[in-house]
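Residues per chain, in single letters:
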Amino acid sequence: MDRIRNYDVAFIGLKPGKHDFKFEIDQEFFDLFETEQEFFNPKIIANILLDKHTTFLEFHINISGTVQLICDISNDEFSENIENDLKILVKFGEEYDDSDEDVITINKKDGEFNLANLIYEAVVLSIPMKKLAPSVRDNDEYQKILDQYSPKIVEEEEESTDPRWEALKKLKDNN
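The rules behind the values
Residues numbered from 1 in each chain as written. Predicted model: local features only at pLDDT ≥ 70, side-chain atom pairs only at ≥ 80, totals over all residues. Heavy atoms only, no water. 1 Å grid on protein atoms, 1.4 Å probe; cavity = no way out; pocket = protein on both sides within 12 Å on 5 of 7 lines; lining within 4 Å. Points joined across faces, edges and corners; volume = space filled by probe spheres on them. Helix = DSSP H or I, 4+ residues; strand = E, 2+ residues; numbered from the N terminus. Nonpolar A, V, L, I, M, F, W, Y, C, P; charged D, E, K, R; others polar. Phe/Tyr/Trp six-rings, centres within 6.5 Å; stacked < 30°, edge-to-face > 60°. Salt bridge = Lys/Arg side-chain N within 4 Å of Asp/Glu carboxyl O. Buried < 20%, exposed > 50% of the residue type's maximum accessible area, 1.4 Å probe, protein only. Contact = heavy atoms within 4.5 Å. Lys, Arg positive; Asp, Glu negative; His and termini not counted. Pairing = 2+ DSSP bridges. Axes fitted to C-alpha atoms, helices over the stretch in contact; angles between N-to-C directions.

**Q** Help me understand the layout of surface pockets, please; the structure alone is not making it clear to me.
**A** To locate leftover empty space, one rolls a probe as large as a water molecule over the atoms. Of the volumes computed, that of the largest pocket is approximately 400 Å³. Lining the largest pocket are 20 residues, with Tyr96, Ile104, Phe113, Asn114 and Leu118 sitting closest to its centre. Breaking the lining of the largest pocket down by element, the ones donating at least two residues are strand E5 (77-93), strand E6 (103-107), strand E7 (112-114) and helix H2 (116-126). Split into classes, the residues belonging to the lining of the largest pocket amount to 8 nonpolar, 3 polar and 9 charged.

**Q** I would appreciate a short explanation of the packing of aromatic side chains in the present structure.
**A** Two aromatic rings are characterised by how far apart their centres lie and by the angle between their planes. A complete count under the given rule lists 9 aromatic pairs for this structure. Between Phe30 and Tyr120 the ring centres are 5.8 Å apart and the planes differ by 50°, which places this aromatic pair in the tilted class. Separated by 90 residues along the polypeptide, Phe30 in helix H1 (residues 27-31) and Tyr120 in helix H2 bring together distant segments of the chain. Feature note: the residues Tyr7, Phe23, Phe29, Phe30, Phe33, Phe39 and Tyr120 constitute an aromatic cluster, connected by ring pairs.

**Q** How do you make sense of the pattern of salt bridges when you look at a structure like this?
**A** Pairing is possible between side chains of opposite charge, provided their charged atoms come close. Scanning the model with the defined rule gives 6 salt bridges in all. Between Glu28 and Arg3 there is a salt bridge whose closest N-O contact spans 3.7 Å. Note that Glu28 is positioned in helix H1 and Arg3 in the segment before strand E1 (8-10), a separation of 25 residues in sequence. Using a relative accessible area of 42% as the deciding quantity, one classes Arg3 as partly exposed. Here Asp8 makes a salt bridge to Arg5, at a shortest N to O gap of 3.4 Å. Salt bridges sharing partners connect three or more residues here, namely Arg5, Asp8 and Glu112.

**Q** Is there a simple way to explain the environment of Lys43 in this structure?
**A** Among the secondary structure elements, Lys43 is positioned in strand E3 (residues 40-52). The exposed category is assigned to Lys43, whose relative accessible area is 53%. Non-local contacts of Lys43, meaning those with residues more than four positions away in its chain, are made with Ile25, Ser64, Gly65 and Thr66.

**Q** Which parts of the structure should I look at to understand the side chain of Asp51?
**A** By the element assignment, Asp51 lies in strand E3. Buried within the structure, Asp51 lacks any salt-bridge partner; Lys18 is the closest side chain of opposite charge, at an N-O distance of 4.3 Å. Among all residues touching Asp51, those that are not within four sequence positions of it are Gly17, Lys18, Phe56, Leu57 and Glu58.

**Q** Mind showing me how you'd approach the sheet that holds E6 here?
**A** Hydrogen bonding along the main chain pairs the strands of a sheet, whether they run parallel or antiparallel. With mixed pairing, 5 strands are arranged side by side in an open sheet as E2-E3-E4-E5-E6. Since the sheet does not close on itself, it has two edges, and those belong to strand E2 (17-25) and E6, each with one partner. In this sheet, neighbouring strand axes are inclined to one another by 25° on average, regardless of whether the strands run parallel or antiparallel. Lying over the sheet, H2 contacts E2, E3, strand E4 (56-70), E5 and E6, oriented at roughly 140° with respect to E5.

All quantities given are derived from atomic positions and should not be read as evidence of function.
Here it is, written out as structure tokens:
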């Protein structure tokens with residue numbers, strides 16, 4: 001668990017203003033979480049911009065890189081570019097609270113903040129739900145089959161409206 005501390009950002013000695021941090025993310029990072037991933041061989045860079053204010057911290061996390069995926073259709077292995085941005089506000093309070101998805105509260109006595117979970121979240125959310133190899137994606141025959149069996153949007157016929165509503169709409173349009 002000590003390796004997860006490699007993703008701590010110490011802010012206690014930093015002056016107010018913007019500070020840049022960079023982390024290289026590979027499979028070793030994901031092994032820390034002991035969860036099964038839908039990807040492998042990640043080569044990702046996490047660029048972190050910390051904007052330190054006197055009463056709060058603002059983190060801008062940008063991840064970009066490549067991961068290997070398995071195509072859902074052909075089972076071919078392929079490389080996928082990923083990118084994601086995450087903005088988190090960290091404020092100081094009595095105890096840790098991450099119940100708000102955009103604001104995290106940490107103890108006012110803390111001097112560092114661990115970004116590992118946020119980086120993990122940013123990467124996992126950037127993985128496409130439908131994994132299609134370029135050979136499948138660019139295949140016209142596949143597109144025809146996909147179009148044939150995809151749900152169609154059915155336009156609803158306009159229902160007849162109660163005449164009382166029409167009178168109210170006329171009043172609304174006049175104002």
